[in-house]
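Results of the structural survey
As a plain string of letters, each chain reads:
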Amino acid sequence: MDVDTRLLRYFIAVSEEGSLTRAAERLFVSQPALTKQIKQLEALLGVRLFTRSRAGMALTEPGRTLMEGAPALLAGWDRALRETKSTASRAAQVLRVGFVASAANETTQHIIAAFARRRPGWRAEMRHASWSNPTAGLAHGDVDAALLRLPFPGQDTLRVKVLLTEPRWVALPTAHPFAARERIPFRDLWDEPFVAAPPETGRWRDYWLATDERDGHPVRIGAVTDHPDDWLTAIANGYGIALAPRSAARFYARPGVTYRPVSGVSPSQVGIAWTPADDTDPVVQDFIRCCLENRPARADEATA
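A few points on the structure.

Cut-offs and rules
- Residues numbered from 1 in each chain as written.
- Predicted model: local features only at pLDDT ≥ 70, side-chain atom pairs only at ≥ 80, totals over all residues.
- Heavy atoms only, no water.
- Helix = DSSP H or I, 4+ residues; strand = E, 2+ residues; numbered from the N terminus.
- Rg over C-alpha atoms; globule rule 2.2 N^0.38 Å.
- Buried < 20%, exposed > 50% of the residue type's maximum accessible area, 1.4 Å probe, protein only.
- Contact = heavy atoms within 4.5 Å.
- Areas by Shrake-Rupley, 256 points an atom, 1.4 Å probe, with all protein chains shown as cover.
- Pairing = 2+ DSSP bridges.
- Core = buried A, V, L, I, M, F, W, Y, C linked by side-chain atoms within 4.5 Å.
- Phe/Tyr/Trp six-rings, centres within 6.5 Å; stacked < 30°, edge-to-face > 60°.
- Lys NZ or Arg CZ within 6 Å of the ring centre and 35° of its normal.
- Axes fitted to C-alpha atoms, helices over the stretch in contact; angles between N-to-C directions.
- Parallel < 35°, antiparallel > 145°, perpendicular 65-115°, else oblique.
- Left-handed = near helix turned anticlockwise from the far one by under 90°.
- Nonpolar A, V, L, I, M, F, W, Y, C, P; charged D, E, K, R; others polar.
- Disulfide = S-S within 2.5 Å.

With that settled, consider the overall build of the protein chain. Each helix and strand counted, the protein chain has 10 helices and 13 strands in total. For a compact globule of 304 residues, the expected C-alpha radius of gyration is about 19 Å, and the protein chain comes in at 21 Å, within 12% of that figure. Dimensions of the protein chain along its principal axes, counting C-alpha atoms only, are 60 × 55 × 30 Å. Buried residues in the protein chain amount to 48% of all 304 residues. Sequence separation of at least 24 residues holds for 74% of the intrachain contacts in the protein chain that already meet a minimum separation of 6. Total accessible area computed for the protein chain in this model is approximately 14,800 Å², and 52% of it derives from carbon and sulfur atoms.

As C-alpha coordinates, this is what we get:
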(Lines give C-alpha, C1' and ligand atoms only; values in the text may rest on other atoms or scores of the structure.)
Protein backbone atom coordinates (compact mmCIF):
# COMPACT_ATOMS: atom_id res chain seq x y z
CA MET A 1 0.00 0.00 0.00
CA ASP A 2 1.38 3.42 -1.00
CA VAL A 3 0.50 6.39 1.23
CA ASP A 4 1.28 9.95 0.15
CA THR A 5 3.66 11.56 2.65
CA ARG A 6 1.45 14.66 2.53
CA LEU A 7 -1.38 12.66 4.11
CA LEU A 8 0.93 11.66 6.95
CA ARG A 9 1.96 15.30 7.47
CA TYR A 10 -1.66 16.31 7.72
CA PHE A 11 -2.38 13.43 10.10
CA ILE A 12 0.50 14.45 12.38
CA ALA A 13 -0.60 18.09 12.42
CA VAL A 14 -4.16 17.19 13.45
CA SER A 15 -2.82 14.76 16.07
CA GLU A 16 -0.51 17.35 17.60
CA GLU A 17 -2.97 20.23 17.47
CA GLY A 18 -6.04 18.22 18.50
CA SER A 19 -8.10 20.51 16.28
CA LEU A 20 -8.84 20.66 12.57
CA THR A 21 -9.00 24.44 12.72
CA ARG A 22 -5.60 24.89 14.37
CA ALA A 23 -4.01 22.22 12.17
CA ALA A 24 -5.37 23.90 9.03
CA GLU A 25 -3.90 27.23 10.16
CA ARG A 26 -0.55 25.60 10.88
CA LEU A 27 -0.49 23.91 7.47
CA PHE A 28 -1.77 26.96 5.57
CA VAL A 29 -4.63 24.97 4.05
CA SER A 30 -8.39 25.32 4.28
CA GLN A 31 -10.23 23.25 6.89
CA PRO A 32 -12.48 21.49 4.31
CA ALA A 33 -9.37 20.47 2.32
CA LEU A 34 -7.72 19.12 5.47
CA THR A 35 -10.84 17.18 6.47
CA LYS A 36 -10.94 15.62 3.00
CA GLN A 37 -7.30 14.52 3.26
CA ILE A 38 -7.80 12.92 6.68
CA LYS A 39 -10.81 10.99 5.36
CA GLN A 40 -8.72 9.86 2.38
CA LEU A 41 -6.00 8.53 4.69
CA GLU A 42 -8.57 6.67 6.79
CA ALA A 43 -10.05 5.15 3.62
CA LEU A 44 -6.60 4.02 2.42
CA LEU A 45 -5.78 2.40 5.75
CA GLY A 46 -9.27 1.05 6.35
CA VAL A 47 -9.32 2.31 9.95
CA ARG A 48 -10.73 5.26 11.82
CA LEU A 49 -7.92 7.47 13.11
CA PHE A 50 -9.85 10.15 15.01
CA THR A 51 -12.99 10.63 17.01
CA ARG A 52 -14.54 14.07 16.87
CA SER A 53 -16.08 15.78 19.89
CA ARG A 54 -16.64 19.25 21.30
CA ALA A 55 -13.15 19.07 22.78
CA GLY A 56 -11.61 18.54 19.32
CA MET A 57 -10.02 15.64 17.48
CA ALA A 58 -8.92 12.68 19.61
CA LEU A 59 -6.84 9.78 18.35
CA THR A 60 -8.37 6.32 18.27
CA GLU A 61 -6.29 3.31 19.28
CA PRO A 62 -5.18 2.71 15.64
CA GLY A 63 -4.51 6.43 15.39
CA ARG A 64 -2.21 6.36 18.41
CA THR A 65 -0.32 3.43 16.90
CA LEU A 66 0.21 5.32 13.66
CA MET A 67 1.30 8.42 15.55
CA GLU A 68 4.01 6.41 17.34
CA GLY A 69 5.85 5.76 14.08
CA ALA A 70 4.75 8.43 11.60
CA PRO A 71 6.92 11.38 12.80
CA ALA A 72 10.14 9.37 12.69
CA LEU A 73 9.19 7.91 9.31
CA LEU A 74 8.62 11.36 7.82
CA ALA A 75 11.74 12.81 9.42
CA GLY A 76 13.84 10.02 7.90
CA TRP A 77 12.27 10.46 4.48
CA ASP A 78 12.71 14.25 4.57
CA ARG A 79 16.34 13.87 5.59
CA ALA A 80 17.07 11.33 2.84
CA LEU A 81 15.31 13.41 0.20
CA ARG A 82 17.01 16.64 1.23
CA GLU A 83 20.45 15.02 1.34
CA THR A 84 19.96 13.38 -2.07
CA LYS A 85 18.99 16.64 -3.75
CA SER A 86 21.64 18.57 -1.88
CA THR A 87 24.37 16.13 -2.89
CA ALA A 88 23.44 16.54 -6.55
CA SER A 89 23.51 20.32 -6.37
CA ARG A 90 26.80 20.35 -4.44
CA ALA A 91 28.44 18.15 -7.07
CA ALA A 92 27.44 20.72 -9.71
CA GLN A 93 28.47 23.61 -7.40
CA VAL A 94 24.95 25.00 -7.54
CA LEU A 95 23.08 26.51 -4.60
CA ARG A 96 19.34 26.29 -5.18
CA VAL A 97 17.54 29.44 -3.98
CA GLY A 98 13.76 29.61 -4.09
CA PHE A 99 11.90 32.88 -4.16
CA VAL A 100 8.39 34.28 -4.42
CA ALA A 101 7.45 37.42 -6.38
CA SER A 102 10.33 39.96 -6.39
CA ALA A 103 12.53 38.04 -3.90
CA ALA A 104 14.55 40.64 -1.92
CA ASN A 105 13.75 43.43 -4.39
CA GLU A 106 16.78 45.33 -5.77
CA THR A 107 18.95 43.76 -3.07
CA THR A 108 18.69 40.37 -4.80
CA GLN A 109 21.31 41.17 -7.44
CA HIS A 110 23.76 42.41 -4.79
CA ILE A 111 23.28 39.17 -2.82
CA ILE A 112 23.93 37.00 -5.88
CA ALA A 113 27.04 38.98 -6.79
CA ALA A 114 28.37 38.80 -3.23
CA PHE A 115 27.86 35.01 -3.18
CA ALA A 116 29.76 34.64 -6.47
CA ARG A 117 32.69 36.54 -4.95
CA ARG A 118 32.59 34.56 -1.73
CA ARG A 119 32.26 31.18 -3.49
CA PRO A 120 34.21 31.30 -6.81
CA GLY A 121 33.00 28.60 -9.19
CA TRP A 122 29.61 28.35 -7.49
CA ARG A 123 26.31 29.58 -8.90
CA ALA A 124 23.15 30.59 -7.08
CA GLU A 125 20.31 29.12 -9.15
CA MET A 126 17.19 31.23 -8.57
CA ARG A 127 13.91 29.28 -8.72
CA HIS A 128 10.68 31.29 -8.98
CA ALA A 129 7.67 29.74 -7.20
CA SER A 130 3.95 30.38 -7.58
CA TRP A 131 1.86 31.79 -4.73
CA SER A 132 0.41 28.34 -4.07
CA ASN A 133 3.95 27.37 -3.01
CA PRO A 134 4.80 30.21 -0.59
CA THR A 135 7.86 28.37 0.83
CA ALA A 136 9.26 28.28 -2.75
CA GLY A 137 10.14 24.59 -2.39
CA LEU A 138 11.99 24.87 0.92
CA ALA A 139 9.44 22.78 2.80
CA HIS A 140 9.97 19.86 0.41
CA GLY A 141 13.74 20.06 0.06
CA ASP A 142 13.59 21.36 -3.51
CA VAL A 143 15.81 24.34 -2.63
CA ASP A 144 18.63 24.98 -0.14
CA ALA A 145 17.45 28.43 0.96
CA ALA A 146 14.63 30.78 0.05
CA LEU A 147 13.87 34.49 -0.10
CA LEU A 148 10.30 34.67 1.14
CA ARG A 149 7.53 37.02 2.13
CA LEU A 150 6.58 36.58 5.77
CA PRO A 151 4.56 34.91 7.13
CA PHE A 152 4.79 31.62 5.23
CA PRO A 153 3.75 28.00 5.92
CA GLY A 154 5.86 26.15 8.45
CA GLN A 155 7.82 29.27 9.36
CA ASP A 156 8.13 28.19 12.99
CA THR A 157 10.02 25.02 12.02
CA LEU A 158 12.64 26.84 9.92
CA ARG A 159 15.38 29.39 10.48
CA VAL A 160 14.41 32.88 9.31
CA LYS A 161 16.22 36.21 9.30
CA VAL A 162 14.37 39.37 8.26
CA LEU A 163 16.11 41.29 5.47
CA LEU A 164 13.76 44.19 4.79
CA THR A 165 10.43 45.71 5.71
CA GLU A 166 8.19 47.74 3.43
CA PRO A 167 4.62 49.07 3.55
CA ARG A 168 1.72 47.28 1.96
CA TRP A 169 0.08 49.34 -0.79
CA VAL A 170 -3.01 48.61 -2.86
CA ALA A 171 -3.13 47.75 -6.56
CA LEU A 172 -6.22 49.16 -8.25
CA PRO A 173 -7.66 49.30 -11.76
CA THR A 174 -6.54 52.67 -13.12
CA ALA A 175 -10.20 53.50 -13.81
CA HIS A 176 -11.14 52.95 -10.15
CA PRO A 177 -12.34 56.14 -8.38
CA PHE A 178 -9.85 55.57 -5.55
CA ALA A 179 -6.92 55.56 -8.01
CA ALA A 180 -6.92 59.37 -7.96
CA ARG A 181 -6.29 59.50 -4.19
CA GLU A 182 -2.81 60.04 -2.79
CA ARG A 183 -3.39 57.70 0.19
CA ILE A 184 -6.29 55.38 0.97
CA PRO A 185 -7.43 54.29 4.46
CA PHE A 186 -7.70 50.51 4.51
CA ARG A 187 -11.20 50.77 6.00
CA ASP A 188 -12.37 52.38 2.74
CA LEU A 189 -11.37 49.20 0.90
CA TRP A 190 -13.24 46.70 3.05
CA ASP A 191 -16.26 46.42 0.75
CA GLU A 192 -14.18 46.19 -2.44
CA PRO A 193 -13.77 42.81 -4.20
CA PHE A 194 -10.21 41.47 -3.79
CA VAL A 195 -8.04 39.36 -6.06
CA ALA A 196 -6.87 36.53 -3.80
CA ALA A 197 -4.36 33.69 -3.73
CA PRO A 198 -5.79 30.12 -3.92
CA PRO A 199 -7.72 28.99 -0.79
CA GLU A 200 -5.25 26.15 -0.10
CA THR A 201 -2.58 28.72 0.79
CA GLY A 202 -4.54 29.37 4.02
CA ARG A 203 -2.97 32.04 6.21
CA TRP A 204 -0.75 33.27 3.36
CA ARG A 205 -3.93 34.21 1.49
CA ASP A 206 -5.46 35.68 4.67
CA TYR A 207 -2.40 37.86 5.24
CA TRP A 208 -2.64 39.46 1.80
CA LEU A 209 -6.36 39.96 2.32
CA ALA A 210 -5.53 41.48 5.75
CA THR A 211 -8.33 39.46 7.34
CA ASP A 212 -6.95 40.17 10.82
CA GLU A 213 -7.14 43.93 10.23
CA ARG A 214 -10.80 44.19 9.20
CA ASP A 215 -12.45 44.13 12.63
CA GLY A 216 -14.36 41.03 11.55
CA HIS A 217 -15.61 42.61 8.32
CA PRO A 218 -16.02 39.83 5.69
CA VAL A 219 -13.81 39.73 2.60
CA ARG A 220 -15.29 39.89 -0.90
CA ILE A 221 -13.39 37.75 -3.41
CA GLY A 222 -13.53 38.98 -7.00
CA ALA A 223 -10.99 36.58 -8.52
CA VAL A 224 -8.44 33.92 -7.54
CA THR A 225 -4.99 33.81 -9.16
CA ASP A 226 -1.71 31.97 -8.62
CA HIS A 227 0.78 33.97 -10.71
CA PRO A 228 1.71 37.67 -10.93
CA ASP A 229 0.68 37.96 -14.61
CA ASP A 230 -2.80 36.56 -13.91
CA TRP A 231 -3.02 38.74 -10.81
CA LEU A 232 -2.22 41.91 -12.79
CA THR A 233 -4.64 40.96 -15.55
CA ALA A 234 -7.48 40.41 -13.07
CA ILE A 235 -6.86 43.80 -11.47
CA ALA A 236 -6.54 45.64 -14.80
CA ASN A 237 -9.80 44.04 -15.98
CA GLY A 238 -11.61 45.34 -12.92
CA TYR A 239 -12.29 42.00 -11.20
CA GLY A 240 -10.89 43.28 -7.93
CA ILE A 241 -8.14 45.11 -6.08
CA ALA A 242 -5.26 43.66 -4.04
CA LEU A 243 -2.81 44.52 -1.32
CA ALA A 244 0.80 44.34 -2.46
CA PRO A 245 4.24 45.33 -1.16
CA ARG A 246 5.25 48.85 -2.15
CA SER A 247 7.97 47.41 -4.42
CA ALA A 248 5.27 45.87 -6.63
CA ALA A 249 4.79 49.34 -8.12
CA ARG A 250 8.35 49.03 -9.48
CA PHE A 251 8.53 45.32 -10.31
CA TYR A 252 4.96 44.81 -11.55
CA ALA A 253 4.11 48.05 -13.33
CA ARG A 254 1.47 47.49 -16.01
CA PRO A 255 -0.90 49.72 -18.02
CA GLY A 256 -4.31 49.66 -16.39
CA VAL A 257 -2.98 49.04 -12.87
CA THR A 258 -2.32 51.86 -10.38
CA TYR A 259 -0.61 51.48 -7.00
CA ARG A 260 -1.44 53.69 -4.03
CA PRO A 261 -0.25 53.86 -0.39
CA VAL A 262 -2.64 52.47 2.22
CA SER A 263 -2.98 53.55 5.84
CA GLY A 264 -4.22 51.31 8.65
CA VAL A 265 -2.55 48.07 7.54
CA SER A 266 0.70 46.55 8.81
CA PRO A 267 3.86 46.37 6.65
CA SER A 268 5.30 43.40 4.77
CA GLN A 269 8.64 41.71 5.43
CA VAL A 270 11.08 39.69 3.34
CA GLY A 271 13.31 37.10 4.99
CA ILE A 272 15.99 34.57 4.15
CA ALA A 273 14.92 31.08 5.27
CA TRP A 274 16.73 27.76 5.59
CA THR A 275 16.32 24.46 7.43
CA PRO A 276 17.91 23.76 10.84
CA ALA A 277 19.77 20.85 9.18
CA ASP A 278 21.76 23.43 7.19
CA ASP A 279 22.96 25.39 10.23
CA THR A 280 26.37 23.81 9.71
CA ASP A 281 26.40 23.73 5.90
CA PRO A 282 29.19 26.12 4.89
CA VAL A 283 27.75 26.96 1.47
CA VAL A 284 24.25 27.73 2.75
CA GLN A 285 25.71 29.76 5.61
CA ASP A 286 27.86 31.75 3.16
CA PHE A 287 24.73 32.63 1.20
CA ILE A 288 22.94 33.69 4.37
CA ARG A 289 25.89 35.94 5.28
CA CYS A 290 25.68 37.53 1.84
CA CYS A 291 21.96 38.20 2.44
CA LEU A 292 22.54 39.77 5.84
CA GLU A 293 25.54 41.83 4.73
CA ASN A 294 23.64 43.27 1.77
CA ARG A 295 20.26 43.96 3.34
CA PRO A 296 19.18 47.60 3.04
CA ALA A 297 19.62 50.03 5.91
CA ARG A 298 16.37 50.85 7.71
CA ALA A 299 16.47 54.42 6.45
CA ASP A 300 16.69 53.13 2.89
CA GLU A 301 13.71 50.82 3.49
CA ALA A 302 11.59 53.76 4.51
CA THR A 303 12.28 55.68 1.28
CA ALA A 304 12.86 52.97 -1.33
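Moving on: the environment of Ala244. Note that Ala244 resides in strand β11 (residues 242-245). Separated by 15 residues in the primary sequence, Ala244 and Tyr259 have C-alpha atoms spaced 8.6 Å apart. With residues up to four places along the chain from it excluded, the contact list for Ala244 reads Pro167, Arg168, Trp169, Trp208 and Trp231.

On to the pairing of strand β7 (residues 168-173), then. Taken across its 6 residues, β7 has 6 buried, putting it largely inside the fold. Taken together, the 4 bridges between β7 and β11 define a ladder with antiparallel strand orientation. Looking across to β11, one finds that Val170 is bridged to Leu243.

The next point concerns the nonpolar core. One finds Val100, Val170, Phe186, Leu189, Trp231, Leu243 and Tyr259 to be the most contacted residues of the largest nonpolar core, which totals 48 residues. Those elements that provide at least two residues to this core are β5 (145-150), β7, β9 (193-196), α6 (203-209), α7 (228-236), β11 and β12 (257-263). When neighbours within four sequence positions are excluded, Leu189 is seen to be in contact with Val170, Phe178, Ile184, Phe194, Ile241 and Val262.

What the rule picks out here adds up to 6 aromatic pairs. Taking the centre distance of 6.4 Å and the plane angle of 80° together, the rings of Phe186 and Trp190 count as edge-to-face. Ring pairs connect the aromatic residues Trp204, Tyr207 and Trp208, which therefore count as one cluster. The residue whose ring lies beneath Arg181 is Phe178, and the NZ or CZ to ring-centre distance is 4.1 Å.

Attention now moves to the packing of helix α1 (residues 5-17) against helix α3 (residues 31-45). Relative orientation of the contacting elements α1 and α3 amounts to 110°, with a least axis distance of 9 Å. It follows that α1 is roughly perpendicular to α3 by the angle criterion. Judged by the sense of rotation from one axis to the other, the crossing of α1 with α3 is left-handed. Mapping the contact onto sequence places Arg6, Leu7, Tyr10, Phe11 and Val14 in α1 and Leu34, Gln37, Ile38, Gln40, Leu41 and Leu44 in α3. For the contact of α1 with α3, the per-class residue count stands at 8 nonpolar, 2 polar and 1 charged.

Residues in a regular strand project their side chains so that they alternate between the two faces of the sheet. Counting buried positions along β12 gives 5 out of 7 residues, so the element sits mostly inside the fold. The pairing of β7 with β12 spans 5 bridges and is classified as antiparallel. Directly across from Trp169, in β12, lies its bridge partner Pro261. Pairing analysis gives 2 bridges linking strand β8 (residues 184-185) to β12, with the strands arranged parallel. Note on β12: the bridge partner recorded for Ile184 is Val262.

Let us now look at the sheet that holds β7. Sheet strands pair by backbone hydrogen bonding; their relative direction is either parallel or antiparallel. The 4 strands lie next to each other as β8-β12-β7-β11, forming an open sheet whose pairing is mixed. Looking along the sheet, the strands with just one partner apiece sit at the ends: β8 and β11. Helix-sheet contacts for α7 involve β7, β11 and β12, and the interaxial angle to β12 is about 90°.

Here, the word disulfide means a covalent bond between the sulfur atoms of two cysteines. Scanning all chains against the criterion turns up 0 disulfides. Counting only cysteine sulfurs, Cys291 is the nearest neighbor of Cys290, a cysteine outside any disulfide, at a range of 7.0 Å. The exposure class of Cys290 is buried, given its relative accessible area of 0%.

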